[in-house]
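Per-entry structural report
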Amino acid sequence: MLPGVDFNGDDLTITTASDVYRCQALCTSNAQCQFFTYGLSPRCVLKRSGTGIPTLPLISADYISGFSLMASGLQKGSKGCSDLIIPGVNFPGNDIEMVLAVDATFCQLLCTYHPRCRFFTYFPRERTSASMRFSCYLKGRTSDLPATVQINSETVSGFSHSYHGAQKPCNTYAYSNTEFPGYGERTLRTASFELCRDECTQDPSCQFFSYATTAYADAAKQGICYPKNVMSLPNPTQMDLVPNVTSGFPLRKCEGDIQGYVPPLPIEIPDSTCYFN
């Protein structure tokens, strides 16, 4: 985003938006829009020029300007921009498979692992009904880009890390108030979530785990660690919102040069300056 900048002229459509990110999403969903200016809330002006570059940028404290998320920076091979996660956007169609993911960044990781996935749409726990919660739709297309972009406050969309050969990261995040039910009968008692994770990390068969904290409703299960595994992709196929249960993944892939995976909370729109090529 470019605060204090007005892309004067080049108007395509004048509409309204609740905030600047909504304005950017409206521009992204409009195939003709290349950039936009937001200001004098809720005025959102979608714009386009013959060159794809604003004709007359002006300094003005009343405005914020930016570029469509489908601008040239998303073309394959554009390092730094193709790992976008975009709140409020849906990529309809082109579904390959539906899996469950604990957050949008993990959905992106699953897309990266899948040989055919190039982009995805995710339904977060906070925004959707129970029937759609945690749904991660892996998608692909010959062109590697979605055919259609829609505005949808219930969804988050993004692209595979494979666009620029990003290393597949490990997952160090603790998912509080979340249980991965089933998948194994082995249990042990540990003093903390971290020690439960250490047990999972040291067990080659453990792919993920759940831990009942000392505040869990059933006192007999407080401090119990549940290592778990499945026979396919190391991702739970069931997820429930359960108070005082924390779940996570082993740290076996976090050794050496692999950077720890910590999803952004809340998800942030990256700086639009990366769309300049």
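This section reports on the structure supplied with the text. (Residues numbered from 1 in each chain as written. Predicted model: local features only at pLDDT ≥ 70, side-chain atom pairs only at ≥ 80, totals over all residues. Heavy atoms only, no water.)

It is generally the case that most residues other than glycine have a negative phi and that most peptide bonds are trans. Of note in this structure, Asn94 is not a glycine but carries a positive phi near 60 degrees. Locating Asn94 in the fold gives a position in the loop between strand 6 (85-90) and strand 7 (95-100). The phi torsion at Asn244 lies on the positive side, around 65 degrees, for a residue other than glycine. Among the secondary structure elements, Asn244 is positioned in strand 15 (residues 240-248). (Helix = DSSP H or I, 4+ residues; strand = E, 2+ residues; numbered from the N terminus.)

Time to look at the side chain of Lys47. Mapped onto the fold, Lys47 is located in strand 4 (residues 43-47). One polar contact links the side chain of Lys47 to the main-chain carbonyl oxygen of Phe7, over a distance of 2.7 Å. Not counting the four nearest positions on each side in its chain, Lys47 is found in contact with Phe7, Asn8, Gly9, Asp10, Asp11, Leu12, Gln32, Cys33, Gln34, Phe35, Phe36 and Thr37. (Polar contact = N/O pair within 3.5 Å; in protein donor to acceptor, adjacent residues only side chain to side chain. Contact = heavy atoms within 4.5 Å.)

What follows is about the side chain of Ser247. By the secondary structure assignment, Ser247 is in strand 15. On the accessibility criterion, Ser247 (0% relative accessible area) is buried. Side chain to side chain, Ser247 and Ser210 meet in a polar contact 2.7 Å long. Those residues in contact with Ser247, other than ones at most four positions away along the chain, are Tyr173, Ala174, Tyr175, Thr178, Glu179, Phe180, Phe193, Phe209 and Ser210. (Buried < 20%, exposed > 50% of the residue type's maximum accessible area, 1.4 Å probe, protein only.)

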